Amino acid sequence: MKLLILEDDEFKAEDIVALIQGSDEKYDIERHGNVRDAICSLKEGLPDKIVLDMSLPSHSPVMGDGTPLSLPTGGLEIILFLRRNSSPGFPVIILTQYPDIEINGEYYSIEESEKKISDYFGLNNVSVAHYLSDEYHDSNWRNEMKKFLRN
Amino acid sequence: MKPMNTKGMKKIRNYLRGSIAITEQYEVRKILAKVKKECTPVEHKTFVEFLRGDALFKNVPLSKNFMSGFTGVVAEDVDYKLGDILKKINNNESKILIVMQSYIELVHCILKFDFEKCLEIGVAIKNKNGVSLCLLRMFYFIRYYLDQMEEMECLLSKVDGFIRDLTVVSIGYVDDVIKELINPRVDYFNVVKTIEASDKAGFKYYIASDFVSSLFRSEEEFMEKLKSYHSVSLIDAYIYLMSMGRLKVGFIDSAIEKINKPLVSAFKTLSELEVDFEKYMIEDEDKRDLDFFRICFLFIENNVAWNYKLVHSSLYCMNNSVMPQRFSFEFDCIEKYFKDVGSLRDISVGNNGGLSWGKYCRKKSGCLENSSALLYLLERNDGQLKDEAEDFMRLMSSTSEIGVITPRSYLERLLSSTENKELKIVIYCLMLIKEDNQIVDYDLRELLQEVVRENYESNVLSLVKKVRSVSESVSDHLVQMLDEIFLNKLYDLVDIPNKALEERAKILEWYGEVNNSSEIRERAKNIRVDIQINKEKGYIDDSRIYVDPNKMIHWVNDNIIKDFTLLLESEADLNILTHDINWNSLKGSFSLYDQIGILILQVYREFCENNLFGIASYLGRRIRHGTLRGTALKGYDEIRNDIRYETLFEDKSFLHCYEQYMADYSSILRDLINDKIHIKNKRKPKGLISYSLDSANKKSIASYMMVEIISSYAKIGSAMKAPYIMLDYCWRLIKDDLESVKKELMLSKKELGLFSFDSNGTFYGKQRNLIKELCKEMNANTEERFRIMTSWFSKPSFVSPTAELKMLFKAVIAEVKEINTDFDPEVNIETSESILIEGGTYFVIYDSLYVVIMNAAKYGNSSGVLNFRPKLKGDGLIYIEIESEIKEQDDVGFIEKRIKKFLDKSCEDAHVVEGESGISKLRRLEQEGHINGLDYQFPEGRVLTSFNYVLEHTL
């Protein structure tokens, strides 16, 4: 099973990888930290599952190449890609550090956004969880991730 | 009027007695409010009727049934029924007929172009208390004509004087709406949007909205408008009622049947007077139809004007839901007008600028009429088009505002009915004009990439050029849309951020050429400089609080400068220093300075809120998003796991104390991250950064910003510097809020307090010392954590486009090397000083260096020594010296002569003539005051060029 992690925050990505590696399911993990590289990878072939961050830069930051665009809803670019190029049931989990997600200029809470993504983008297997680091002693995102990996 | 013998009426009588001597507006407002509150609706109406109609109260400053000038106070919220107003009209038949006779006479004089006589009649009407909004509109019609004529200043000023004498100042908003609607330099739909953005209540709104649509969509709306006109004058109520009678709607027909016949006949005479409107439309032959559409409310009593407005305002409007509400008479008029329009080919692809009165005429029609015709066809075909892609695209150049006026459902049907990809791109663009939509935006980008890849060798500009051959307007739109942000999101075509800048520069270079615009070419050149600087940048940008200056300036250029320039162009006499802006109530105002104020607020809001490059983006991405938490908690784990303290943590009470401290700390951080370090808005009411001007200091800074941008416009005659000034002032505006964030962090630290543990009875001897050490370490760490976090909320040094001078020099060398591949000098930068050039005008220094180094590459020793000696001088100057070697075979005397010849040459064409040595360009920069002290010396086989760069924007 191939799993794609789209995450630009090193600490968060490490947390996610550790959780996946500690689970019973075995995955080949590929990771990208910007929208362009993610889209290029998806165009080569869809993975089996995607772990997605919402806020991503447009390109990889490379000295001399210019400043990448910071995209607070960069993750939605991936959702929009999947809307056109995958089946409606493609499994995605969005792990965001924000308490809400902006869709078409409106903000939706984590709880509302799953339904909104399904209604608006036609993807009905997208779960959304609020990522909180260990200091917060909140295991919700971990439980959501485990559920996502099992299914 | 009713007898005054009931109890309630006796109360009214007392109020009336108290009103006779009122001369101040606030007193009228006060007594009206009191009567409204304490009396019944009938009593209130009776009271108002006395004040409006009885001679005893003629000096009370409240609008009258018949008046000699407008007053600031009108009686609103009076419970008038249609029957009340009809009765009043009939009861005042003779007075109305006298006024109408004068109005008819006035129109006859307008027809004869006898405007002196018009003024005489106007004065007579005023003396007969026949002033109304109708009279005001007619005089604005006269004014509109005279304003287009040369040598009519004297008459124009008399008309202005007459309008002033009507005390229009007291109905300022309505007067402003008239002026804006007829001002061809102001965007029509912007005026409409401004009216719609107002409170949508009160007589002012209903009258303003009637000027826009001249129709109503429900009986309630009709009554509101009738009552609004009635609140100004009885003449206006009568004229509105009779005007709407032309719609042939049942309930109005019944009302008009009750109106006395001579009154019906008087309006008929006025409405049927034959006016050849084309004779009054002189200016700007390209859009006479749109201009007439905008002014025809001034003469809406006239049947020709009314019919024109009726047809076009039903189609050329922003409100998509109008069609189902149309009156059958309206449908008939539209059908009759567009009788000959059966397919897209029946609509003109050129803008003939003419006016088609009774029927659409392809040979005469202008943009407005073509747009209405296209909408008519789309309506008729329910948004379906067959094999007419190119025709549709062509029509984009002979129509206007199609994105605004076409209902979304038609655009969707158009999209699914065509296979033509270029047309699909156009339709997506139209959809995005109508509303922001992520799916449409994504689909447009995907399609555009596909088309560019398949048909244009991955060259975006080639597509824009091809589109221009079909429709200039569509290509204009594409140029505007294909900004740096949009291009960055074309992931297939743009592999690195610099590529987006390169594509944007190419597009602007071409667009500058086809439009012969030096301003656009200048923008392209500046982007090229940014690319070069990006290439040379030796670091990845990682500031904390930040606004990307280039992206912000591009945004201002793309979204604000056009409106800003339009506003300033429309005002001949700019009052730079003495304006008084009420920053709290700009919305809905038409004053020039208030509108500039609105643009300033828009810029500041974008500066704070833009999710891509504004403060919000950096708050999220670089502060809240992991970094704040990571930084705040750094070091504690090391302390916790330090082997020295192991025994301490084995004690439950100590462990609890530590965990409690960390839990408190986490809770404080959660508050900061979730609620406080945010832009304040409805969702984040505790956000500490606010885009509104919520303090006297912010308002004062914003006023200074306005003064400076207007001064800059007045000085150089363009808005080129405005974006830089705006960016600079935005940083000044946000300073107080950044201080608030710092204070909040300090408060949080205080709230958290020091980590301490009462070891009495638990630990002894060395253990106690260990506790002291741990507490000291913990508290020092907390101190350091908060110090770091606080430091993020200071204005960064790189707040505007900034370049380090040495980097700029290296960027120029690199660019010259790209062009002259043989050029490979031994470069010496003879300074250790770091000199920052700020404010975007670093482009000037780039230009100057480019000229000198390019000359060294072209004419000098390409592998010789090149010395660069910059030095920061006092008085805001940087002294720059560049020394290069000449070719061994060259004679220094000849070179000296040649350079001096160029220095003496005229530099008038320096901006347009490229090539030669570029030295005249240096001279030009010197004349414009960007550099000074330009000098050439020729010591022993070398050329020594020196000049001073004048630092303009030091923050």
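Residues numbered from 1 in each chain as written. Chains lettered and ligands numbered in written order. Predicted model: local features only at pLDDT ≥ 70, side-chain atom pairs only at ≥ 80, totals over all residues. Heavy atoms only, no water.

The next subject is the interface of chain A and chain B. When the parts come together, some accessible area is lost, and that loss is often what is quoted as the size of the interface. The partner chain B presents 43 residues to the 42 residues of chain A that form the contact. The contact between chain A and chain B buries some 4100 Å² in all, and 51% of this surface belongs to carbon and sulfur atoms. Among the salt bridges present, the one from B:Asp443 reaches A:Arg83, with a minimum N-O distance of 3.3 Å. At the boundary of chain A with chain B, the tally comes to 14 residue pairs in polar contact (both at pLDDT 80 or more). For the side of chain A that touches chain B, the secondary-structure elements that each account for two or more residues are helix 2 (35–44), strand 5 (70–71), helix 3 (74–85), strand 7 (100–103) and helix 4 (110–121) of chain A. (Contact = heavy atoms within 4.5 Å. Buried area = accessible area lost by both parts, 1.4 Å probe. Salt bridge = Lys/Arg side-chain N within 4 Å of Asp/Glu carboxyl O. Polar contact = N/O pair within 3.5 Å; in protein donor to acceptor, adjacent residues only side chain to side chain. Helix = DSSP H or I, 4+ residues; strand = E, 2+ residues; numbered from the N terminus.)

What follows covers the sheet that holds strand 5 (residues 877–885) of chain B. Residue and element names in this part refer to chain B. Taken together, 5 strands build an open sheet; the order of strands is 2-4-5-7-6 and the sheet is mixed. At either end of the open sheet lies a strand with only one pairing partner, and these are strand 2 (826–829) and strand 6 (931–937). Looking at each pair of strands side by side, their axes are set apart by 10° on average, direction ignored. As paired strands, strand 4 (residues 865–872) and strand 5 are joined by 7 bridges and run antiparallel to one another. Looking across to strand 5, one finds that Pro870 is bridged to Ile880. Taken strand by strand, helix 42 (residues 842–859) contacts strand 4, strand 5, strand 6 and strand 7 (942–950), and its axis lies near 175° from that of strand 7. (Pairing = 2+ DSSP bridges. Axes fitted to C-alpha atoms, helices over the stretch in contact; angles between N-to-C directions.)

Where strand 2 of chain B and strand 4 of chain B come together, 4 bridges link them in parallel fashion. When the sheet's bridge partners are listed, B:Asn828 is paired in strand 4 of chain B with B:Asn867.

Attention now moves to the packing of aromatic side chains. Taken as a whole and assessed by the stated rule, the structure comprises 49 aromatic pairs over all chains. Consider the rings of A:Tyr120 and A:Phe121, whose centres lie 4.9 Å apart with planes at 85°: the pair is edge-to-face. Accessibility expressed as a relative area gives 22% for A:Tyr120, which makes it partly exposed. Taking 6.5 Å as the distance between ring centres and 75° as the angle between the ring planes, the aromatic pair formed by B:Tyr15 and B:Phe47 counts as edge-to-face. Here B:Phe47 lies in helix 3 (residues 41–53) and B:Tyr15 lies in helix 1 (residues 7–19), a separation of 32 residues in the sequence. What makes B:Tyr15 buried here is its relative accessible area of 13%. What links up through ring pairs into an aromatic cluster is the set B:Phe113, B:Phe115, B:Phe141, B:Tyr145, B:Phe277, B:Tyr280, B:Phe292, B:Phe299, B:Tyr308 and B:Trp357. Lying over the aromatic face of B:Phe293, B:Lys309 brings its terminal NZ or CZ to 4.8 Å of the ring centre. Of note, B:Arg898 hangs over the ring of B:Tyr859, and the distance from its end group to the ring centre comes to 4.7 Å. (Phe/Tyr/Trp six-rings, centres within 6.5 Å; stacked < 30°, edge-to-face > 60°. Buried < 20%, exposed > 50% of the residue type's maximum accessible area, 1.4 Å probe, protein only. Lys NZ or Arg CZ within 6 Å of the ring centre and 35° of its normal.)

What follows covers the pattern of salt bridges. Residue and element names in this part refer to chain B. Evaluation of the coordinates by the stated rule reveals 66 salt bridges over all chains. Linking Glu116 and Lys158 is a salt bridge whose minimum nitrogen-to-oxygen distance equals 3.0 Å. Here Lys158 lies in helix 8 (residues 153–165) and Glu116 lies in helix 6 (residues 115–127), a separation of 42 residues in the sequence. When its relative accessible area of 37% is taken as the criterion, Lys158 is described as partly exposed.

A few words on the sheet that holds strand 2 (residues 28–32) of chain A. Residues and elements named next belong to chain A. If you walk across this open sheet you meet the 5 strands as 2-1-3-6-9, and the pairing is parallel. Each edge of the open sheet carries a strand with a single partner, namely strand 2 and strand 9 (126–130). Between one strand and the next, the sheet's axes are offset by a mean angle of 20°, whatever the strand orientation. The sheet contact formed by strand 1 (residues 2–6) and strand 3 (residues 49–52) spans 4 bridges and is parallel. Bridge pairing in strand 3 places Leu3 opposite Lys49.

On average, residues of chain B score 87 in pLDDT, and 93% of them reach the 70 mark or higher. Confidence over residues 907–916 of chain B falls short of pLDDT 50; this stretch has 15 contacts with residues more than four positions distant or in other chains. (pLDDT = per-residue confidence, 0-100.)

The next thing to look at is the environment of A:Asn140. For A:Asn140, the position within the fold is in helix 5 (residues 140–150). Note on A:Asn140: relative accessible area 36%, which makes it partly exposed.

Here the focus is helix 14 (residues 250–257) of chain B. Residue and element names in this part refer to chain B. Within helix 14, burial applies to Ile252, Ala255 and Ile256. All buried residues of helix 14 project into a common sector of 95° when viewed along the axis, lining one side. The secondary structure elements touched by the buried residues of helix 14 are helix 4 (82–91), helix 12 (219–232), helix 13 (234–245) and helix 15 (261–272). (Arc of directions from axis to C-beta.)

This part covers the packing of helix 22 (residues 408–416) of chain B against helix 23 (residues 421–434) of chain B. Packed helices, taken two at a time, are described by the angle their axes make and the gap between the axes. Residue and element names in this part refer to chain B. The contact between helix 22 and helix 23 brings their axes to 10 Å, and the two run at 165°. Looking at the two axes, helix 22 sits roughly antiparallel to helix 23. When you trace helix 22 past helix 23, the crossing you get is left-handed. Together, Arg408, Leu411, Glu412, Leu414 and Leu415 of helix 22 and Lys424, Ile427, Tyr428, Leu430, Met431 and Lys434 of helix 23 make up the contact between the two elements. For the contact of helix 22 with helix 23, the per-class residue count stands at 7 nonpolar, no polar and 4 charged. (Parallel < 35°, antiparallel > 145°, perpendicular 65-115°, else oblique. Left-handed = near helix turned anticlockwise from the far one by under 90°. Nonpolar A, V, L, I, M, F, W, Y, C, P; charged D, E, K, R; others polar.)

Residues and elements named next belong to chain B. The contact between helix 5 (residues 93–111) and helix 7 (residues 133–148) brings their axes to 12 Å, and the two run at 5°. Considering their axes alone, helix 5 and helix 7 lie roughly parallel with respect to each other. Side by side, helix 5 and helix 7 meet where Tyr103, Leu106, Val107 and Ile110 of the first sit next to Cys134, Leu135, Met138, Phe139, Phe141 and Ile142 of the second. Tallied by class, residues from the contact of helix 5 with helix 7 come to 10 nonpolar, no polar and no charged.

Once that is clear, we can look at the pairing of strand 9 of chain A. All names here are of chain A. Within strand 9, 5 of the 5 residues are buried, which leaves it mostly tucked inside the rest of the structure. Every second residue of strand 9 is oriented toward a common face, with Val126, Val128 and His130 on one face and Ser127 and Ala129 on the other, all of them buried. Bridge count between strand 6 (residues 92–96) and strand 9: 5 bridges; the pairing is parallel. The residue of strand 9 that forms the bridge with Thr96 is His130.

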